[in-house]
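Commentary on secondary and tertiary structure
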Amino acid sequence: MGTLEIRKLIMAGGAMPLKSVKALRAWMMLLVLALPLTLTAPMASTANADDFSEAFAAYEVGDYETALKIWRSLAGQGDAFSHTFLALMYSNGEGVERDLEEAARLYQLAADQGNAFAQNNLGTMYKNGEGVERDVEEAARLYRLAADQGHDSAQYNLALMYYNSKGVERDLKEAARLYRLAADQGIAEAQNNLGTMY
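Since this is a predicted model, take the numbers as computed values, not measurements.

It is worth spelling out helix α7 (residues 116–128) at this point. The terminal C-alpha atoms of α7, which comprises 13 residues, lie 18 Å apart, in line with the 18 Å expected from a rise of 1.5 Å per residue. Counting buried positions along α7 yields 10 of 13 residues, so the element is predominantly enclosed. Looking at α7, one finds that the buried residues are A116, F117, A118, Q119, N120, N121, L122, G123, M125 and Y126. Between a side-chain oxygen at the N-terminus of α7 and the backbone nitrogen of F117 the separation is 3.2 Å; the capping residue is N115. Directly beyond the C-terminal end of α7, a positive phi value near 65° is found at G129.

Listed below in structure tokens is the structure:
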């Protein structure tokens, strides 16, 4: 299935056949990555879409060598999706030696292009000081960028920061608002935290 077909499937609200838990994880990542682009960006060239689909299929079956080769090529052309998947592979040590500094660098490239998934993950790296120097203010800024695009985990992460006064001034009203946004998207932790605030 090509990227264009996947985007059409997302827009139509369809389901993708999944072969494994790993496939589910990859599909969920693709949904998070692709949805903002289906609404705002022009479609990628057919060649790039086909290459991305080939890399995704290779990743799904554990052929990291092929996925890396293709995504590195696409990343060299500035593709934010490819930067994000490469960062994920470096973060998890999939097909490469685990390298959090390289993961952060790649997430930054995608985040600078407005990729909400990359912004959220890079925010977490700044919050925890993983691959970058710990900076909770930068984490909050990145979470805000992703949350403003509707990224559910970023909304939850930013709500936690407002609730705990980490990187931002404590603001229970804003924490509750963000918890509600994340809860409405099915984040169970946000539902729980919102419930305890009442």
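All right, on to the side chain of N115 then. Here N115 lies in the loop between α6 (100–111) and α7. Engagement of the side chain of N115 in a polar contact is seen with the backbone nitrogen of A118, the distance being 2.9 Å.

So, about the pattern of salt bridges. In this structure the tally under the stated criterion is five salt bridges. R105 is the salt-bridge partner of E102, the closest N and O atoms lying 2.8 Å from each other. In this pair, E102 and R105 both sit in helix α6, three residues apart, roughly one turn of the helix. Relative accessible area serves as the criterion here: at 44%, R105 is assigned to the partly exposed category. Between D148 and R144 there is a salt bridge whose closest N-O contact spans 3.5 Å. Here R144 falls in the partly exposed class, since its relative accessible area comes to 21%. Linked through salt bridges whose partners overlap, the residues forming this network are R144, D148, E174 and R177.

As for its placement among the helices and strands, N164 is situated in helix α9 (residues 152–164). Between the C-alpha atom of N164 and that of A175, which follows or precedes it by 11 residues, the distance is 9.1 Å.

This next bit is on the packing of helix α10 (residues 172–184) against helix α11 (residues 188–197). Where α10 contacts α11, the two axes come as close as 8 Å, and the packing angle between them is 140°. If you check the angle between α10 and α11, you find them oblique. Considering the relative orientation of α10 and α11, their crossing is left-handed. Contacts from L172, A175, A176, Y179, R180, A182 and A183 of α10 reach α11 at A190, Q191, N193, L194 and M197.

How each quantity is defined
- Going along each chain's sequence as written, the residues are numbered from 1 onward.
- In keeping with the predicted nature of the model, local features appear solely for residues at pLDDT of at least 70, side-chain atom pairs appear and are counted solely at 80 or more, and the whole-chain, interface and lining totals rest on all residues.
- Only hydrogens and water are removed before side-chain values are computed, so all heavy atoms of the structure are retained for them.
- Comment: elements are numbered from the N terminus, with helices defined as DSSP H or I runs of at least four residues and strands as E runs of at least two.
- Helices are assigned an expected span. That span is 1.5 Å times one less than the residue count.
- Burial classes follow relative accessibility: with a 1.4 Å probe on protein chains only, a residue under 20% of its type's maximum area counts as buried, one over 50% as exposed, and anything between as partly exposed.
- For the purposes of these results, a polar contact is taken to be a pair of N or O atoms within 3.5 Å, where, inside protein, one atom must be able to donate a hydrogen and its partner to accept one; residues adjacent in sequence count only when each atom of the pair is a side-chain atom.
- A carboxyl oxygen of Asp or Glu within 4 Å of a side-chain nitrogen of Lys or Arg is what we treat as a salt bridge.
- Only the stretch in contact is used when a helix axis is fitted, and all axes are lines through C-alpha atoms; the angle between N-to-C directions ranges over 0 to 180 degrees.
- In what follows, roughly perpendicular refers to angles from 65 to 115 degrees, roughly parallel to angles under 35, roughly antiparallel to angles over 145, and oblique to any angle outside these ranges.
- Should the near helix be turned counterclockwise from the far one by less than a right angle, the crossing is left-handed, whereas a clockwise turn marks it as right-handed.
- The contact criterion used throughout is that any non-hydrogen atoms of two residues lie within 4.5 Å.

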